[in-house]
Amino acid sequence: MVRQLCFSCCSGNCYQIILWSIMAVSVYQINKGINKSIEFKGLKAQYIWYLGGGGVSLMIVFAILYIMGIPSIMCIGIIAGSGTVLVVKIYKMSNTYGEHGMMKALARKQLPKNIRVNSRGIFII
């Protein structure tokens, strides 16, 4: 975006100053209706936080690899590959389980498949 300012002086000359706007305006929509969870670019609810945490952890891993002396192009390749896998996995989980599905699946795995009772004493009043 370019803006122009014109200043005229007493001799009749007009001095123009061109101002460049450096800051770009980005507007992101967060779709949220009544009793609906937050959705951002296809990610639902807690998966937004998972992706953010994964991004931060990848930056930390990059810093550790760089400090260890691994060449920077190799670090970028490792982080780019890991980041791609992270994004694909999180989008897949978001589409598979939805808002609360992953928590329900983890809770279902913790339930015992069988209950064994060796005595009838607990059923007799």
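Here we summarise the structure given alongside this text. Keep in mind the model is a prediction, meaning the values are calculated, not measured.

Definitions and limits used
- Per-chain numbering applies: the sequence of each chain, read as written, is numbered from 1 onward.
- With the structure being a predicted model, the display of local features is reserved for residues of pLDDT at least 70 and the display and counting of side-chain atom pairs for 80 or more, all residues being used for whole-chain, interface and lining totals.
- Side-chain measures here rest on the full set of heavy atoms in the structure, leaving out hydrogens and waters.
- Per-residue accessibility, obtained with a 1.4 Å probe over protein chains only, is compared with the maximum for each type, and a residue is labelled buried under 20%, exposed over 50%, and partly exposed between these values.
- Secondary structure elements are defined from DSSP: runs of H or I of at least 4 residues count as helices, runs of E of at least 2 residues count as strands, and each element is numbered from the N terminus.
- Think of the arc as the fan of directions from the helix axis to the C-beta atoms.
- For this analysis, residues touch if any pair of their heavy atoms sits within 4.5 Å.
- Note on ring pairs: Phe, Tyr and Trp rings are taken, using the six-membered ring of Trp, and paired if centres are within 6.5 Å. Classes follow the plane angle, with under 30 degrees stacked, over 60 edge-to-face and the rest tilted.

Buried within helix H3 (residues 101-110) we find Gly-101, Met-102 and Ala-105. Looking down the long axis of H3, one finds its buried residues gathered within 100° of arc, a one-sided arrangement. Along H3, the residues that are exposed and aim more than 90 degrees away from the buried face are Lys-104 and Gln-110. The elements touched by buried residues of H3 are helix H1 (47-67) and helix H2 (72-97).

With the rule as written, the count across this model stands at two aromatic pairs. Ring plane angle 85° and centroid distance 5.7 Å describe the contact between Tyr-47 and Tyr-50, whose orientation is recorded as edge-to-face. A residue pair is termed a helical-turn pair when its members lie 3 or 4 positions apart in one helix, as Tyr-47 and Tyr-50 do in helix H1 at three residues. With relative accessibility at 35%, the residue Tyr-50 sits in the partly exposed group. With centroids separated by 6.3 Å and ring planes inclined at 15°, the aromatic side chains of Phe-62 and Tyr-66 adopt a geometry described as stacked. In this pair, Phe-62 and Tyr-66 both sit in helix H1, four residues apart, roughly one turn of the helix.

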